[in-house]
Structure formats: C-alpha cells, structure tokens
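Here is what each chain is made of, one letter per residue.
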Amino acid sequence: MTASLIFLLLLMLGKMLDVVFPETCNSTGWFGPQCVFKCHCQTDKGEQTSCNLTSGTCYTGDRCEDGFSGTACQYTDYAFGRNTFVDTDCITNENGSVVVDGHVDTCFEARGKDGSNCSWFVNISAPSLVTQIIVKVPSDTPDNTSWRVLVHKDNTSGEVTLQSFTDKGITLAYVLPRPMSVSRVQVLAPSTQQLRLCEVNVVGGRNTALKKNVSQGEETFNDTSGAEKAVDDERKRSYKDQCAVMKARNDDGQSLSAWWQVVLGPNVLVWSVEMHTNASLKGLDVEMELKLSNGSSMDLQSDEPRVGMALASIPRPVPATELHIRKKQKGDYLILCEVRVLGDCMDGYYGWLCDRRCSCSNTEAACDKMWGSCPSSVMGETGWSTVGYRGLFV
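A brief look at the structure comes next. This one's a predicted model, so the numbers in the text were calculated from it and none came from an experiment.

1. Thoughts on the sheet that holds strand β9 (residues 90–91)
Item 1. The antiparallel open sheet is built from three strands, whose spatial order is β9-β10-β16. Looking along the sheet, the strands with just one partner apiece sit at the ends: β9 and β16 (194–197).
Item 2. The sheet contact formed by strand β10 (residues 108–112) and β16 spans four bridges and is antiparallel. Counted as the bridge partner of E109 is R196 from β16.

2. Comments concerning the sheet that holds strand β4 (residues 48–49)
Item 1. An order of β4-β3-β5 is seen for the three strands of this open sheet, with the pairing classed as antiparallel. Strand pairing shows two members of the sheet lacking a second neighbour, β4 and β5 (63–64), which therefore form its edges.
Item 2. Looking at chain direction, strand β3 (residues 41–42) and β5 are connected through two bridges and run antiparallel. Considered in β5, the bridge of Q42 is made with R63.

3. Some words on the state of the cysteines
Item 1. Under the criterion given, the structure shown has 10 disulfides.
Item 2. With a sulfur-sulfur separation of 2.0 Å, C90 is cross-linked through a disulfide to C118. Across the S-S bond linking C90 and C118, the dihedral sits near 115 degrees, which makes this disulfide right-handed. Taken together, the positions of C90 in strand β9 and C118 in strand β11 (residues 118–136) put the pair 28 residues apart, joining distant regions of the chain. Accessibility classification places C90 together with C118 in one group, the buried group.

Definitions and cut-offs
- Residues numbered from 1 in each chain as written.
- Predicted model: local features only at pLDDT ≥ 70, side-chain atom pairs only at ≥ 80, totals over all residues.
- Heavy atoms only, no water.
- Pairing = 2+ DSSP bridges.
- Helix = DSSP H or I, 4+ residues; strand = E, 2+ residues; numbered from the N terminus.
- Disulfide = S-S within 2.5 Å.
- Buried < 20%, exposed > 50% of the residue type's maximum accessible area, 1.4 Å probe, protein only.

Next comes the structure, spelled out in structure tokens:
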C-alpha cells in the first residue's frame, strides 16, 4: 500500500470520526459542539462547578444549579424554592419544602389519615408554561408508578399520566402533551401508600437565544459592548464591559434609534422573554417584536417594570425566528446585559439551532430536543415510553 493511499484512508477515517464524535468543548463553563451550551452545575454548597464537556451532565456529587433542571440542566425549574404545603388529610412531622431545595438526599414522607389520600403541592409564583414534571423518590419506594400528578391554574385542573421512569423507578417523568400554563402542581399518593418525595422539578423552557447570531445599532458604545454580550449568559451587570450597549448619539451629536436583534433559528417555539439591564435602572422602556415563522410579527408587552430587568410572557407558545428590541425614544442608550428567550425546539427537531430532524422509528414520539435521542418503547427501560394523558385542560 502506497504512502499516499494510507494518507487518504487516514483522512477519510478522521472525517468519519468527526461525525461520530463531535468536537469536544475546551472552554471552561461551556459544553457541547462549538461550546454553545452553558454549564449549570453546582456543588451542594452552592458553588458553581464544571460539567461534562460533551454532554453537560454534572459530575458525581454535584447537581443542577438552583433553578435549573432537565436535560444537561438547561431548563428552568419553576418549583425550586417555591412555597409548598400538604392537604389536611396528611399525617407528617416533616417539612415539605425539602422537595424543592435542589437536594435529592433530603426527602419527605407523609401518609393519609383514616385511609384517605395524601397530596403534596407546590405553588408557582406566577402562571408559567410547563413542559413536564419530574418526580424523584427514594430507591426503596414500592409501586410509585400508581401515584398521580395534577396541574392547576385558577379553577381548572388536569391530570398528567406518567410517561417514563428511569434509574429503577427512582426518577419519574410526567410529560405534558404541549407547553401549558400552570400555577400549582399536586402529587397524590393512593390511600394505601405512603407519599415519599425527594425532589420535584416543574420544568419550563431553555434559553433559545444562547450564543445565537446577533446584531445591534445604530452605533455600539465601545469595543467591549457588542451585541453578543447579551447572549453569553454571563449574567454580569456592569454595562461598561459586560453588556451590549447601543449609543444614544453619534460623534456629531445626532440622536440615534438604538436597537438590538437575535436570530433564533427556523424551528423554535417561544413562550417568554427576559431582558436584564444595568442593575441601577428600572425597566427598559423598549418595544419588543417577535418575527414569526409564517412571516408575520407579534408585539410583546412587558410586565410591571422591576429594577434591573423586564419580563414579557406569551399566553401560548409561538413559532418565532427572530426577536427585535428597540428603544422607544431616540437619543436614549439601550443597555442589554442579558436577553433570555425561553422556549424549545418544535416537536420533530432538536439541537442548538433546532435545525436537525429527529429520526426515531416511532414518528409520533418526540426525540430529546437537545441531543435527538429517541424514546424507548418499553416502560422501565432507560428512556421514554408514551402512555398518553387524560383530562388536561387546553
């Protein structure tokens, strides 16, 4: 075999390996191909720590950062640190708040009195769009698949059926058929069983704007305040060097219309937008507009302004390709320290850009929206198995 042929074969093998094993991230605090995902892991003492550079999973002894859950800790956990309670038919001497403290080794037990059912509740601070509820229980809990999970909003309730369980039944996932607005979650054990909970995560969306293509104008304040600073998830609040800052006036003193925009991708569902500005400012006094996948646009309204941030919630998920933010008044600076566009890929797509198609044999089952892994077809195996849902409000 000639040297040139050997070289050609080695080159082809290298290209094949690049496809099978994507480039590993070498940037501290990031992971995944091209380092596009932010690590959200911490120690039990609350100190941020590194994650697996390929998958984003936390190392043994570490856990998801407070307020994060789901695949690679990329998704918002609306239950963390919220108010909890049990109904009056429960007998317990323990505090139900340990179920939302982020620690799986602190568990809660209760039993219904006189043969009644026992329920544990967590209140979400405001109605939020939820995609799934993850319930973690002690490993020796018998027949926990008969437990029920209900979601509530105002005077409406619906039940979500168990879709999968993993780790020998320690982790149970109750997946909603689509993102739905929820203000309270209830976990109920049958009257014959003891309710045993170690952790409950109420999972929302992930930041679909992270490290996406951005631009701003009319002029940038300085060389260290470019548009990309608003999508780097650094969460620092000093506008001089960690935020995207658009000029209010040009060098000739002429007033400018400050604007900023991010391109989300072709197959993204969006349900809320968070904008963080300099901590000394209250509100942003901006106009926000989503460009939708059908070519139309949607104006967003922010809630009551608060110091350092503004939040715009959308009643239902919408397919959006871009987000535009404009300062209302000419001559005013636009300072964006972080913009988080919470949502996820549409069903059937996955990845950072949501541009990769799922290739599962069961076309009715959505793949994992970060990595594209397919559901399992057998309950109890690692993965998911669709069981359906019943009675969930629309």
